[in-house]
Amino acid sequence: MTTATYEALAASSDHAVAVTLAFIGGAVIALALIWAVRVGMRVMDTDTHHPGPEEQPHLPDGGPVREMREMREPDEMPVVTRDGKRLLPHELHHASTRTGKDQKPRRWLPGSSGSFGGGGLGHT
């Protein structure tokens, strides 16, 4: 298109009407969205129960709960002999591990690779 075509389009009244209608349509949509948000906020304020200060969670009397670290070891299944009684499900523990006797954490040994294929020589 040439400059003359653009000038003709800009000067025509149809173009001005279309721009005005698009602006008015955009303004109507924006106002409808603002109205919907305000109505939603009003409904949320009337419907939901906001807890008061006395209903908020409080710290325990002893202060905040801290993380407890311990070394765990597997809780092995008891071996049943041929003439022994079998172990029933209600006789099992609720956890498959128990607190270990040795609470000293394992440390990395120099000269051992960190993982399979880690590039180290391993234990020599």
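Since this is a predicted model, take the numbers as computed values, not measurements.

Undergrad: Run through the overall build of the protein chain, naming residues and quoting values.
TA: When you go through the protein chain residue by residue, the secondary structure sums to two helices and two strands. Along the chain direction, N to C, the helices and strands of the protein chain fall in the order α-α-β-β. A buried classification covers 3% of the 124 residues belonging to the protein chain. Considering only contacts within the protein chain whose residues lie at least 6 apart along the sequence, 44% involve residues at least 24 apart. For the protein chain, the computed accessible surface area is about 12,100 Å², with 62% contributed by carbon and sulfur atoms.

Undergrad: Describe the environment of E76, and please don't skip the residues or the numbers.
TA: In this fold, E76 is placed in the loop between β1 (72-74) and β2 (97-99). E76 sits in the exposed class, given a relative accessible area of 58%. A sequence separation of 21 residues divides E76 from T97, and the C-alpha atoms of the two residues are 8.2 Å apart.

Undergrad: How would you summarise a nonpolar patch on the surface if you had to cite specific residues and measurements?
TA: A surface patch of nonpolar side chains, about 330 Å² in accessible area, is lined by F23, I24 and V28. Position of F23 among the secondary structure elements: in helix α2 (residues 13-47).

Undergrad: I'd love a proper account of the confidence of the model for the protein chain, names of residues and values included.
TA: Fine structural detail should not be taken from predicted coordinates in areas where pLDDT scores are low. Per-residue pLDDT for the protein chain has a mean of 79; in total, 81% of the residues score no lower than 70. The spread of mean pLDDT over the elements of the protein chain runs between helix α1 (residues 3-11), the lowest at 73, and α2, the highest at 89.

Undergrad: Describe the pattern of salt bridges, and please don't skip the residues or the numbers.
TA: Inspection of the entire model under this criterion finds three salt bridges. Its salt-bridge partner being E70, residue R72 comes within 2.8 Å of it at the nearest N-O pair. Among the ionic pairs, E73 bridges to R98, the shortest N-O distance being 3.1 Å. Placement of E73 in strand β1 and of R98 in strand β2 is noted, with a sequence separation of 25 residues between them. Owing to a relative accessible area of 34%, R98 belongs among the partly exposed residues under this scheme.

Rules of the game
- Residues numbered from 1 in each chain as written.
- Predicted model: local features only at pLDDT ≥ 70, side-chain atom pairs only at ≥ 80, totals over all residues.
- Heavy atoms only, no water.
- Helix = DSSP H or I, 4+ residues; strand = E, 2+ residues; numbered from the N terminus.
- Buried < 20%, exposed > 50% of the residue type's maximum accessible area, 1.4 Å probe, protein only.
- Contact = heavy atoms within 4.5 Å.
- Areas by Shrake-Rupley, 256 points an atom, 1.4 Å probe, with all protein chains shown as cover.
- Patch = residues over 30% accessible without salt bridge, like charges linked within 9 Å, V, L, I, M, F, W, Y side chains within 5 Å.
- Salt bridge = Lys/Arg side-chain N within 4 Å of Asp/Glu carboxyl O.
- pLDDT = per-residue confidence, 0-100.

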